[in-house]
Amino acid sequence: MANPFLDRSFHIRWSQLTAEQAGPAIEYALAEAAQAIARIETLPLGQVDYTQTFLALENAPDLLNETWGKLTHLMSVADAPAWREVHHAWLPKVSAFYAEIPLRADLWLRLKAAAAQPAVVKLGGVQRRLVDETLADFRQQGADLSPEKKQRLAVLQGELAQLTQKYSEHVLDATNAWSLQIDDEVRLVGLPAAAMAAAQQRARAKETAVAAAPGWLFTLQAPAQEPVMLYAEDATLRQQLWQAAALVGVQAPHDNRELIKNILALRQEKAVLLGQAHFADLVLARRMAKNGQQALDFIVNLHQRIAPAFVREAGELQDFKAAQTKAAVAPLAPWEVAFWAEKLRRARYDFD
């Protein structure tokens, strides 16, 4: 097709994708998926079979999945205002489409009718799995709710999609907004040459450095942050980066705290609407843990089992630091742990 977003070739032409193409492609893919589902809903109830229902439904949103997946991937790896704008414009519509599928009464009737057909009852293997999982998905997502509750669930799904997207954007924007310019090379003692070169390149790219005073720029991105936390002898520098990372999402204009409250409230309402006491129970009902309490019990049990080893290893690290610095043994600050663990690894195993 002319629009590369709709090209289903194995090799995706990423360099040809533009934000202007995304909207029309998603509109087309949405319409195609809706038409495919509508065809299932018009099937005579007495004649439905596996291929016409379960398999057709499985394949119906394929183009939409791929098209929307390309956009969300680009949002993750190449976030820019144009990508964000088109994503925001279509997120409510795409979210509503997916959330509505299990709530479509005519579709649900045909799936149940097909599942009761003798030929479908006899299915095994992956076909049996698809039938069982599809039915379970629909029930878990509200297919048997009353029309009023279905309407409220659709609203909740849409609000959650937008709030969780906003949460992610706040994290990304806060991370990208912070940087630290270092002009004194003495503060960078211990950093590998590659990390130094990368920091200098960042400074030049942001035009914060000139040939006479190169400067080094550090951000909260992992390639910039991790070498500092592992190798920088300057404890104040490590502390600055650690504290900046710890404040991501808790400062205006990227404060996520109210968003978290709203997300939790909506998730709880959704869980209760779908017959579960807690959102964790809803999420885990068909997973290994089965419910939130068992997941929590597992974590508590794991903590109890590893606590003695943690205390022992933390003590070893404190003793090592005290011996190296000729200071009293004391707990390590968060920005000291990775640094002294790396020092201990080199001293004990000659391995960096």
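The structure presented is a predicted model; accordingly, all values stated were derived computationally and were not measured. (Residues numbered from 1 in each chain as written. Predicted model: local features only at pLDDT ≥ 70, side-chain atom pairs only at ≥ 80, totals over all residues. Heavy atoms only, no water.)

S.K.: Sorry if this is basic, but what is going on with the overall build of the protein chain here?
M.R.: For the protein chain, the count of helices and strands is 15 helices and two strands. Relative to its 352 residues, the protein chain shows a buried fraction of 38%. Accessible area of the protein chain: about 20200 Å², with a carbon and sulfur share of 57%. Of the side-chain charges in the protein chain, 37 are positive and 40 negative, and the distance between the mean point of each set is 4 Å. (Helix = DSSP H or I, 4+ residues; strand = E, 2+ residues; numbered from the N terminus. Buried < 20%, exposed > 50% of the residue type's maximum accessible area, 1.4 Å probe, protein only. Areas by Shrake-Rupley, 256 points an atom, 1.4 Å probe, with all protein chains shown as cover. Lys, Arg positive; Asp, Glu negative; His and termini not counted. Charge placed at Lys NZ, Arg CZ, Asp CG, Glu CD.)

S.K.: Any chance you could explain the pattern of salt bridges here in plain terms?
M.R.: Side-chain pairs of opposite charge can arise whenever the charged atoms involved come near each other. Inspection of every chain in the model, using the stated rule, returns 20 salt bridges. Linking arginine 13 and aspartate 7 is a salt bridge whose minimum nitrogen-to-oxygen distance equals 3.2 Å. The salt bridge partner of arginine 348 is glutamate 316, with a shortest N-O separation of 3.6 Å. Note that arginine 348 is positioned in helix 15 (residues 334-349) and glutamate 316 in helix 14 (residues 292-325), a separation of 32 residues in sequence. Each of the salt bridges in this network shares a partner with another, and the network as a whole consists of Asp79, Arg84, Glu169 and Asp173. (Salt bridge = Lys/Arg side-chain N within 4 Å of Asp/Glu carboxyl O.)

S.K.: Is there a simple way to explain the layout of surface pockets in this structure?
M.R.: Estimates place the volume of the largest pocket at around 510 Å³. What lines the largest pocket is a set of 17 residues, among which Ala99, Gln141, Gln157, Lys270 and Phe279 lie closest to the centre. Of all the elements in the fold, those that place two or more residues in the lining of the largest pocket are helix 4 (81-100), helix 7 (125-140), helix 8 (147-177), helix 12 (257-273) and helix 13 (279-284). There is about 310 Å³ of room inside the second largest pocket. For the second largest pocket, the lining is made up of 14 residues, of which Leu57, Glu58, Thr134, Asp137 and Phe138 are closest to its centre. (1 Å grid on protein atoms, 1.4 Å probe; cavity = no way out; pocket = protein on both sides within 12 Å on 5 of 7 lines; lining within 4 Å. Points joined across faces, edges and corners; volume = space filled by probe spheres on them.)

S.K.: Is there a simple way to explain the nonpolar core in this structure?
M.R.: General note: in soluble globular proteins, nonpolar side chains tend to be found buried as a group. By size, the foremost hydrophobic cluster in this structure holds 45 residues, and its most contacted members are Phe54 and Trp83. Of all the elements, helix 1 (residues 19-41) adds the most residues to this core, at ten residues. For phenylalanine 54, the residues in contact, after removing those within four places along its chain, are Leu111, Ala114, Ala115, Leu130, Val131, Thr134 and Leu135. Among the nonpolar cores identified, the runner-up in size contains 17 residues, and Leu188, Trp216, Phe218 and Tyr231 belong to it. (Core = buried A, V, L, I, M, F, W, Y, C linked by side-chain atoms within 4.5 Å. Contact = heavy atoms within 4.5 Å.)

S.K.: How do you make sense of the packing of aromatic side chains when you look at a structure like this?
M.R.: Geometry of an aromatic ring pair is reported as the spacing of the ring centres plus the angle between the planes. By the definition in use, this model includes six aromatic pairs. Judged by centre distance (5.7 Å) and plane angle (70 degrees), the ring pair of phenylalanine 97 and tyrosine 98 falls under edge-to-face. According to the relative accessible area criterion, phenylalanine 97 is buried, its value standing at 7%. Between phenylalanine 320 and tryptophan 340, the aromatic rings sit 6.1 Å apart at their centres with planes inclined by 70 degrees, giving edge-to-face as the arrangement. Highlighted residues: phenylalanine 320 in helix 14 and tryptophan 340 in helix 15, separated in sequence by 20 residues. Of the residues examined, tryptophan 340 reaches a relative accessible area of 9% and is grouped as buried. (Phe/Tyr/Trp six-rings, centres within 6.5 Å; stacked < 30°, edge-to-face > 60°.)

Geometric values such as these leave the question of function open.
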